[in-house]
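Commentary on secondary and tertiary structure
Listed here are the chains, written in short residue letters.
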Amino acid sequence: MPEATAHDLFYDELFEPGGAPRRAAAALVAELERLGADGLAEAGRRRDAAFLQQGITFETAAADGSRSLERPFPLDLVPRVLSGAEWSHLKRGLAQRIRALNHFVDDVYHGREIVREEIVPWTLVASRSHFARAVHGIRPPGGVYCHVAGCDLVRHADGSWRVIEDNVRTPSGISYVIENRAAMTQLVPQLFAGYRVRPVDHYPQLLLRALRSVAPSADSEATVVVWTPGSLNSAYFEHAFLARQMGVELVEASDLVVRDDVLYMRTTRGLVRVHAVYRRLDDDFVDPLEFRPDSLLGVPGLVRAYRAGSVAIANAFGTGVADDKAIYHYVPEMVRFYLGEEPLLENVTTYLLHDAEVREQVLSRIGELVVKPTGESGGKGVCIGPHASEQELEEVAAAVRAQPEAWIAQELVRLSTVPTAGPDGVLAPRHVDLRPFAVFGERIDIVPGGLTRVALEEGSMIVNSSRGGGSKDTWVLEDGDDVADRAGPPIADTTPPALPDLRYGTWSSQQQQQQQQEEVR
Amino acid sequence: MLARIAHELYWLGRNLARAEFTARACDGVFRAELQSAAETSPGVRFGWNGLLAMLGASGGALDGGEGAAMLRREQALERLTLDADRPDSMLACVERAREGARTVRDVISAEMWEAINATTLSLRRDAAASWRLPGGAYQASQYVKQRTALIWGIAERAMLRDEAKRFLDAGGFIEVADMVLRMLRVALPAGAASDGGGAAAPDPAEARADGNAFALLQAVGGFHAYLRAVTAPPNAQPVARFLLFQRAYPDSVAACVDSLHEAFAAADASPHESKPVLRVSRLAADLEFQRRALPDGAELLGICERVQHELARVDQDVAERYFAGATGDVARSSLHATGGERNAVAA
């Protein structure tokens, strides 16, 4: 059980500071105690075997760095529980934020009103590495740019939620959300007893519907494809998963061709028109004629087809400007400017470093802050002050001085904790964050919960799976399910129809069988 | 071949298919039931109580209204999978398949007998131990799915395509069709889009009735096939049509009826005068007619009921023509005999 001291610093999501389980978690904690450490460890072994068998793995470099090892995806069997009320607040806040980000992308490539109102400086926008001049003036169908979005949330020591990062390019992880849930129902079904957990497996259908709704096809059913850089990409598992779950083709660049501003795929029956592409590669690589000319993964002419409006691309080109870490600072302002609303979800306090005064202040207390490069994702290049060595801090300070626009600094967030099982099944608190996944088509749908990432090392706050992080199944309960004692799910409300009896083949009668047996004796 | 042998093979096929479908249905339904309904569309309600109802009253699943209402989830799951005293449990199906296979050991290959026997022994052994744990029933279902696939695979590669194989196959096909029809009848909401309005504005009640049918597809195991074959979202209507009429999907009712016809036509000495062949042939044609003639959104429950009834008559015709009149009776006694015999062997 968690130590009392940890509660003074961090918010634990299953236990109250006194050590008693929180209301929504009471039934879960009781089941976990019944299961015990040995039971959890045993279920963990079954999980690893099942994941290896199903190929739900990721590759890590071996200790000597020579070759990569295939490991089962690290799913912790203790779920994270969010009440229905908590979730509806998060959901509204996320939808609001994503709407604002979408407005911002549209504005940046059209009227630039937010710049003229002097809310966001143009030099900052234009200097972002993902700002795409090639798509200036293009407005996709329905005005939707960020069809798929994932904002990373963290929970402060006081229990309040903050957004720490926006992802509106190609956020990944949804396949793990779905596979985690499937594995949990298989491995530890008893934990679900007494709860009604909202399902997550309809995400692919939501995505497909959203893609169809923005596809420019007049007469026939729209052809949708998932575009992967190839089977060597680290997220290939997810690309294949989504294509399979949506029942659409998974294509690579060599399958696609643009003729007369229309996108086609090569099939055994000739060229077939493609109406919507869910692309899982960065802007830089999509079209050698408009972006990086040395890209071998791109389709020449794709941006032209996109400009002509003959194909929908999700997410739209150029969205990367909105999830840049320097732009992040302005998102609450965007919500006020575009929507006229107060933001429901706050940012983590962030400092932009182009102002010399702010910069020097930040550098003077760099040991307490988190410093991040603006254009990166996946935790690359992040320096956490309290955990960094003197030398690392000096190197980062030098880099910041050399190129202040490429860095931001943030106050350290004390991530909340959830009890997590070690290899021996013993529970200990570990830090978590949350990435919910939203789909923006005709409306914004957000899959209940999302990917909870957990730092498996004690005290660590690095949750990225490439750096030793794991994940948890995230439960969003139905409203009213956070009451302490509740009966199991109700028996069916309707009476099923009476069906004819099952038939069983009988050749010889019972007596005959008995006689045969007597013969034997 | 001997009528008795043909009968055993036919029922071996039926029992194998029944075990597999019970396994699939348990896996799909019980796991879906752990979670609440999707917030976008509450959808088809196909829960474990429906699963019990699917097996009819004789299986002892719903013995008395009061008893059934008191049944807990875990008990229901156990009853459907590993309860040896229930004739409709997955384990009982496998046990019966083993008894049948033992009777025809000279007809099926040694390899096939071994596969069936090993499956039964391992289920029996582990049912008492590891598979009693929570989560164990799912593993057992998984195991049975894999083993039945293996057994059918061996039959496909190792058995001569003679009369024996046809009867084995026929048993499998008729059972699959029957199981799928049972699931549809339990899961399909009564009166779903009954007026055949097609693209009429959906009133809330109708939208609910035509909600997503994930659980149904998962229970049959046709989720992936559906996604590749049909562009419509997996709602009750298109899913039901797919499971009834889609010939390209091997476990659809239409495909099973086609295969059944093929099997009997090949096994029968004079198929043109054979009642079962003619009846199945008429049913196949009727299904094809319905597929083409029915408007979108038409009511399908009535068709399910009629087709199931017709298949029951096929079963009777088969018994009369090939098995010298041995009827497939509802017989709890046969299971008790099996159990007793096992005890006798053990003693």
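Worth saying up front: this structure is predicted, and the values here are computed from it rather than measured. (Residues numbered from 1 in each chain as written. Chains lettered and ligands numbered in written order. Predicted model: local features only at pLDDT ≥ 70, side-chain atom pairs only at ≥ 80, totals over all residues. Heavy atoms only, no water.)

**With respect to the overall build of chain B**
Convention followed: Elements are defined by DSSP. Helices are runs of H or I of four residues or more, strands are runs of E of two residues or more, and each kind is numbered from the N terminus. Note on classification: 1.4 Å probe, protein chains only; a residue is buried when its accessible area is under 20% of the maximum for its type, exposed when over 50%, partly exposed between these limits. By the convention used here, residues are in contact when the closest approach between their heavy atoms is within 4.5 Å. Each accessible area is a Shrake-Rupley estimate made with a 1.4 Å probe; only the visible protein chains count as cover when residues are assessed.
A count of helices and strands for chain B gives 16 helices and 0 strands. Taking all 347 residues of chain B together, 59% fall into the buried category. Across chain B, contacts joining residues at least 24 apart in sequence account for 72% of those joining residues at least 6 apart. Approximately 13900 Å² of chain B is accessible, and the part contributed by carbon and sulfur atoms is 52%.

**Focus on the overall build of chain A**
Along its length, chain A carries 15 helices and 23 strands. Within chain A, buried positions represent 55% of all 521 residues. Considering only residue pairs separated by 6 or more positions, chain A has 67% of its internal contacts joining residues 24 or more positions apart. Carbon and sulfur atoms make up 48% of the accessible area of chain A, which amounts to about 22400 Å² in all.

**A few points about the pattern of salt bridges**
Convention followed: Each reported salt bridge corresponds to a side-chain nitrogen of Lys or Arg within 4 Å of a carboxyl oxygen of Asp or Glu.
What the rule picks out here adds up to 54 salt bridges over all chains. In this structure, the salt-bridge partner of Arg503 of chain A is Asp315 of chain B, at a minimum N-O distance of 2.7 Å. You can see Arg503 of chain A sitting in the loop between β23 (469-476) and α15 (510-520) and its partner Asp315 of chain B sitting in helix α15 (residues 301-322), one on each of two chains. Here the two residues Arg503 of chain A and Asp315 of chain B agree in accessibility, since each one is buried. Residues joined by salt bridges that share partners form a network here, namely Arg503 of chain A together with Arg14, Arg18, Glu175 and Asp315 of chain B.

**Considerations on the side chain of Arg430 of chain A**
As a reminder of what qualifies: Distance and chemistry together define a polar contact, namely a pair of N or O atoms within 3.5 Å, with one atom able to donate a hydrogen and the other to accept it when in protein, and with adjacent residues in sequence counting only for side-chain atoms on both sides.
Following the sequence through the fold, Arg430 of chain A ends up in strand β19 (residues 427-435). A polar contact of 3.0 Å, which involves the side chain of Arg430 of chain A, links it to the backbone oxygen of Leu456 of chain A.

**Overview of the state of the cysteines**
Residue and element names in this part refer to chain B. Inclusion rule: We call a pair of cysteine sulfur atoms a disulfide whenever their separation is within 2.5 Å.
Going through the model one piece at a time under the given rule, you end up with 0 disulfides over all chains. Unpaired in this structure, Cys304 has its nearest cysteine sulfur neighbour in Cys256, at a distance of 13 Å. By relative accessible area, Cys304 is classed as buried at 0%.

**A look at the pairing of strand β18 (residues 417-421) of chain A**
All names here are of chain A. Condition: By the convention used here, strands pair only if DSSP detects at least 2 bridges between them.
Summarising burial for β18: 4 of the 5 residues are buried, a large majority. Across 5 bridges, the pairing between β18 and β19 is antiparallel. Residue Thr417 lies in a different strand from β19, and its bridge partner there is His431. Once β18 ends, the chain turns through 5 residues before running back antiparallel as β19, passing Gly425 with a positive phi of about 85°.

**Notes on helix α1 (residues 3-33) of chain B**
Rules: Between the first and last residue of a helix there are one fewer steps than residues, each counted as 1.5 Å, and that sum is the expected span.
The end-to-end C-alpha distance of α1 of chain B, which contains 31 residues, comes to 44 Å, matching closely the 45 Å that a straight helix rising 1.5 Å per residue would cover. In terms of burial, α1 of chain B is largely enclosed, as 27 of its 31 residues are buried.

**Remarks on the nonpolar core**
For clarity, the cut-off: Think of a nonpolar core as a cluster: buried Ala, Val, Leu, Ile, Met, Phe, Trp, Tyr and Cys residues, connected wherever their side-chain atoms sit within 4.5 Å.
In terms of nonpolar packing, the biggest core is built from 161 residues, with Tyr203 of chain A together with Phe30, Met112 and Phe264 of chain B touching the most fellow members. Counting residues per element, this core draws most heavily on helix α8 (residues 163-187) of chain B, at 14 residues. Contacts of Met112 of chain B, omitting those with residues within four sequence positions, involve Leu12, Ile151, Ile154, Ala155, Met159 and Leu168 of chain B. Judged by nonpolar contacts, the second largest core, of 79 residues, contains Ile164, Val299, Val348 and Leu352 of chain A.

**Details of the packing of aromatic side chains**
Under the convention used in this document: A pair of Phe, Tyr and Trp rings is counted when the ring centres sit within 6.5 Å of each other, with Trp represented by its six-membered ring. The angle between the planes then sorts it: under 30 degrees is stacked, over 60 is edge-to-face, the rest tilted. Two conditions define a charge sitting above a ring: the NZ of Lys or the CZ of Arg must be within 6 Å of the ring centre, and it must be within 35 degrees of the ring normal.
Tallied over the entire structure, the rule returns 17 aromatic pairs over all chains. Relative to Tyr338 of chain A, the ring of Phe337 of chain A lies with its centre 5.0 Å away and its plane at 70°, an arrangement referred to as edge-to-face. Owing to a relative accessible area of 18%, Tyr338 of chain A belongs among the buried residues under this scheme. Sitting above the plane of the Tyr504 of chain A ring, Arg18 of chain B keeps its charged end 5.3 Å from the centroid.

**Digging into empty space enclosed by the protein**
All names here are of chain A. Rule in force here: Site definitions follow a grid-based scheme: protein atoms alone, a 1 Å grid, a 1.4 Å probe that fits but cannot get out for cavities, and for pockets an open set with protein on both sides within 12 Å along at least five of seven lines, plus lining residues having an atom within 4 Å of a point. Grid points are joined across faces, edges and corners, and a volume is the space filled by probe spheres set on the points.
Counted according to the given criterion, the structure contains 5 cavities of 30 Å³ or more. What the largest cavity holds in volume is close to 400 Å³. Taken together, 23 residues form the lining of the largest cavity, with Ile164, Lys372, Val382, Met461 and Val463 sitting closest to its centre. Contributing elements (two or more residues each) for the lining of the largest cavity: β4 (148-155), β5 (161-167), β15 (369-373), β17 (407-411) and β19.

**Quick notes on the sheet that holds strand β6 (residues 224-227) of chain A**
All names here are of chain A. Let me state the cut-off plainly: Axis lines are fitted to C-alpha atoms, over the contacting stretch for helices. Their N-to-C directions set the angle, which ranges from 0 to 180 degrees.
Strand order across the open sheet formed by 4 strands is β7-β6-β11-β12, with parallel pairing between neighbours. The two strands at the open ends of the sheet, each matched to only one other strand, are β7 (249-251) and β12 (312-314). The average angle at which neighbouring strand axes cross in this sheet is 25°, direction not considered. Sheet analysis places β6 next to strand β11 (residues 276-279), joined by 4 bridges and oriented parallel. Within β11, the residue paired with Val225 across the bridge is Val277. Against the sheet, helix α8 (residues 236-246) touches β6, β7 and β11, its axis set at about 150° to β7.

**Observations concerning the packing of α1 of chain B against helix α5 (residues 90-103) of chain B**
Residue and element names in this part refer to chain B. Definition in use: The labels follow the angle: roughly parallel below 35 degrees, roughly antiparallel above 145, roughly perpendicular from 65 to 115, and oblique for the rest. Crossings are sorted by hand: turned counterclockwise from the far helix by less than a right angle, the near helix makes the crossing left-handed, and turned clockwise it makes it right-handed. Only Asp, Glu, Lys and Arg are considered charged, only Ala, Val, Leu, Ile, Met, Phe, Trp, Tyr, Cys and Pro nonpolar, and every remaining residue, Gly among them, polar.
α5 packs onto α1 with a crossing angle of 155° between their chain directions and a minimal axis gap of 8 Å. As far as their axial angle goes, α5 and α1 are roughly antiparallel. In the crossing of α1 with α5, the sense of the turn from one axis to the other is left-handed. Where α1 approaches α5, its residues Arg4, Glu8, Leu12, Asn15, Leu16, Arg18, Ala19, Thr22 and Ala23 are matched on the opposing element by Met90, Cys93, Val94, Arg96, Ala97, Gly100, Ala101 and Thr103. In terms of residue class, the contact of α1 with α5 is made up of 9 nonpolar, 4 polar and 4 charged.

**Some details on the sheet that holds β17 of chain A**
All names here are of chain A. Overall, antiparallel pairing links the 4 strands, which are arranged β14-β17-β15-β16 in an open sheet. A strand with exactly one partner marks an edge of an open sheet, and here the two such strands are β14 (350-352) and β16 (383-384). With 3 bridges connecting them, β14 and β17 associate as antiparallel partners. In the strand pairing of β17, Leu352 is matched with Ile408. Packed onto the sheet, helix α14 (residues 390-402) meets β15, β16 and β17 and runs at close to 125° relative to β17.

**Details of the pairing of β5 of chain A**
All names here are of chain A. Of all the 7 residues making up β5, 7 are buried; the element is thus mostly covered by neighbouring parts of the structure. Where β4 meets β5, 6 bridges bridge the pair, whose relative direction is antiparallel. Bridge assignment links Val154 to a residue of β5, and that residue is Arg162. Between β4 and β5, which pair antiparallel and follow one another directly, the connecting turn spans 5 residues, one of which, Gly159, has a positive phi of 90°. Where β5 and strand β13 (residues 346-347) come together, 2 bridges link them in parallel fashion. For Arg162, the partnering residue across the bridge sits in β13 and is Glu346.

**What about the confidence of the model for chain B?**
All names here are of chain B. Which entries qualify depends on this criterion: What pLDDT expresses is the predictor's confidence in each residue, scored from 0 to 100.
The share of residues in chain B with pLDDT of 70 or more is 78%, and the mean pLDDT across the chain is 79. A low-confidence stretch, residues 58-70 (pLDDT under 50), is modelled with 24 contacts involving residues beyond four sequence positions or located in other chains. The low-confidence segment residues 192-210, where pLDDT is below 50, has 18 contacts with residues more than four positions distant or belonging to other chains. This complex was scored by the predictor with a pTM of 0.84 and an ipTM of 0.75.

**As for unusual backbone geometry**
Residues and elements named next belong to chain A. Backbone torsion omega between Ala314 and Asn315 reads -10°, so that peptide bond is classified as cis. Structurally, the position occupied by Asn315 is in the loop between β12 and α11 (325-328). Phi is positive for Glu118, which is not a glycine, with a value near 60°. Position of Glu118 among the secondary structure elements: in the loop between α4 (113-116) and α5 (122-126). Residue classification places Glu118 among the exposed positions, given a relative accessible area of 72%. Backbone geometry at Asp261 places phi at a positive 65°, although glycine is not the residue there. Its location among the elements puts Asp261 in the loop between β8 (256-259) and β9 (262-267). Assessed through its relative accessible area of 28%, Asp261 is described here as partly exposed.

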